[in-house]
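# Fold and contact review
What follows is each chain in one-letter form.
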Amino acid sequence: AQTVTQSQPEMSVQEAETVTLSCTYDTSESDYYLFWYKQPPSRQMILVIRQEAYKQQNATENRFSVNFQKAAKSFSLKISDSQLGDAAMYFCALIIQGAQKLVFGQGTRLTINP
Amino acid sequence: EADIYQTPRYLVIGTGKKITLECSQTMGHDKMYWYQQDPGMELHLIHYSYGVNSTEKGDLSSESTVSRIRTEHFPLTLESARPSHTSQYLCASSEVGSEQYFGPGTRLTVT
């Protein structure tokens, strides 16, 4: 069975600064995908970034980047130049290649202080 | 932008009523999912479907039922709503082994 753990229930950061959200996972499979999702208050869940396990290069999407450490089974999300609109719940998720279901972490609530 | 829709967005209903939450997607995805989520909390998978005429129960036991008669449509039904069913219900769809696209959710309150 796969598990995803987000050990930080809440994080806060000053606007324009950088914050890193942690995620660790456990799986015995070698082919899988990892995701970070963002859920703003009362708004739709959207995909922030995706990482294929076979790729060594860390994924980047504008101000969002990941630090993927496959051996350590770690997948942290770095948000640079934080903006007020980044305030949301962030969920880390894992899916095994060919599997039907995503496995989600517990979520981290990110607050941006102006 | 993902094309997945849920109606209604908000529903307040009395105990004992039958309700159906609608979910539709226009991406042709075979896989569809229903999650239950209390505000600010983690997601719990309650139902999923591999394709037409296939449905499976998720990780969290639920009194709701689902059907999948058409690829694009995956409604969830509660035969007799109770206050314990008060929650947010999220629908999602995906291709095999890929990211899921989420609808806007239905926030259900049972009084």
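Further up the page is the structure itself.
One structure accompanies this document, and this report is about it. These figures come from a predicted structure and were not determined experimentally.

Parameters and conventions
- Residues numbered from 1 in each chain as written.
- Chains lettered and ligands numbered in written order.
- Predicted model: local features only at pLDDT ≥ 70, side-chain atom pairs only at ≥ 80, totals over all residues.
- Heavy atoms only, no water.
- Helix = DSSP H or I, 4+ residues; strand = E, 2+ residues; numbered from the N terminus.
- Rg over C-alpha atoms; globule rule 2.2 N^0.38 Å.
- Buried < 20%, exposed > 50% of the residue type's maximum accessible area, 1.4 Å probe, protein only.
- Areas by Shrake-Rupley, 256 points an atom, 1.4 Å probe, with all protein chains shown as cover.
- Pairing = 2+ DSSP bridges.

For chain A, the count of helices and strands is zero helices and twelve strands. Along the chain direction, N to C, the helices and strands of chain A fall in the order β-β-β-β-β-β-β-β-β-β-β-β. For 114 residues, the compact-globule estimate of 2.2 N^0.38 gives 13 Å, and the C-alpha radius of gyration of chain A, at 14 Å, lies within 12% of that figure. Seen along its three principal axes, the alpha-carbon backbone of chain A occupies a region of about 40 × 30 × 20 Å. For chain A, with 114 residues in total, the buried portion stands at 46%. By element, 43% of the accessible surface of chain A is carried by carbon and sulfur atoms, the whole surface being about 5,600 Å².

So, on to the pairing of strand β4 (residues 31-37) of chain B. Residue and element names in this part refer to chain B. Among the seven residues of β4, seven are classified as buried, and the element is accordingly described as predominantly covered. Here β4 shows no split at all, with K31, Y33, Y35 and Q37 on one side and M32, W34 and Q36 on the other all buried. Judged from the seven bridges that link them, β4 and strand β9 (residues 87-94) form a sheet pairing that is antiparallel. Paired with Y33 across the two strands is A92, which belongs to β9. Two successive antiparallel strands, β4 and strand β5 (residues 44-51), enclose a turn made up of six residues, where G40 displays a positive phi of approximately 70 degrees.

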